[in-house]
Amino acid sequence: QVQLVESGGGLVQPGGSLRLSCAASGNIFNLGSMGWYRQAPGKQREFLARISRDGDSNYADSVTGRFTISRDNAKNTAYLQMKSLKPEDTAVYYCHAFDLLVATQEWRDVWGQGTQVTVSS
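Residues numbered from 1 in each chain as written. Predicted model: local features only at pLDDT ≥ 70, side-chain atom pairs only at ≥ 80, totals over all residues. Heavy atoms only, no water.

**Q** Help me out: how do you make sense of the pattern of salt bridges in this one?
**A** Opposite charge on two side chains allows them to pair when their charged atoms are near. Per the stated rule, a full pass over the model turns up four salt bridges. When the shortest N-O distance is used, the salt bridge between D89 and R66 registers 2.8 Å. Of this pair, D89 sits in the loop between β8 (77-82) and β9 (91-101) while R66 is found in the loop between β6 (57-59) and β7 (67-72), placing the two residues 23 residues apart along the sequence. Across the pair, exposure class does not vary: D89 and R66 are buried alike. Between D99 and R108 there is a salt bridge, and its shortest N-O distance comes to 3.2 Å. Among the residues examined, D99 registers a relative accessible area of 5% and is labelled buried. Salt bridges here are not isolated pairs; linked through shared partners, they connect R38, E46, R66 and D89. (Salt bridge = Lys/Arg side-chain N within 4 Å of Asp/Glu carboxyl O. Helix = DSSP H or I, 4+ residues; strand = E, 2+ residues; numbered from the N terminus. Buried < 20%, exposed > 50% of the residue type's maximum accessible area, 1.4 Å probe, protein only.)

Shown next as structure tokens:
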């Protein structure tokens, strides 16, 4: 099975930048697209960005132009570069990946444990 571990969260001032990392381990041979989500207190988990194995990416309107997703397949790691951060970006950020179950040819959802990002002066 695939496991995901996020890192890079922390406290940053408004207008600042931060880069999150998501390292995949385990049976990564059938790892599919990877993405980032976030969840603020009292709110639903929100989609931010996704990137395919080939590097095709898409973004939520709320982060387009400020966040950039990238992926290093050799390191089995996805990144989320965030700039021009705002207090409303404060949330727990989660990494997600699709893992193909060969026996059933079905995609399985895999989530990381989350990393806290706090934007405050």
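After that view of the structure, there is still more to cover.
**Q** Where do I start with the packing of aromatic side chains in this structure?
**A** To describe a pair of aromatic rings, one takes the distance between the centres and the angle between the planes. Across all of its chains, the model carries three aromatic pairs by this definition. Between Y37 and F47, the aromatic rings sit 5.5 Å apart at their centres with planes inclined by 70°, giving edge-to-face as the arrangement. Within this pair, whereas Y37 is found in strand β4 (residues 31-39), its partner F47 is found in strand β5 (residues 46-51), the two being separated by 10 residues in sequence. Owing to a relative accessible area of 17%, Y37 belongs among the buried residues under this scheme. A centroid spacing of 6.5 Å and a plane angle of 70° characterise the contact between F98 and W107, whose relative ring orientation is edge-to-face. (Phe/Tyr/Trp six-rings, centres within 6.5 Å; stacked < 30°, edge-to-face > 60°.)

**Q** When you look at the nonpolar core in this model, what are you seeing that I'm missing?
**A** Core analysis: the largest hydrophobic core is formed by 30 residues, its most contacted members being L4, M34, W36, F67, L80, M82 and Y93. Within the residue set of this core, elements represented by two or more residues are β1 (2-7), β3 (18-26), β4, β5, β7, β8, β9 and β11 (115-119). Those residues in contact with L4, other than ones at most four positions away along the chain, are C22, A23, A24, M34, C95, H96, A97, V110, W111, G112 and Q113. (Core = buried A, V, L, I, M, F, W, Y, C linked by side-chain atoms within 4.5 Å. Contact = heavy atoms within 4.5 Å.)

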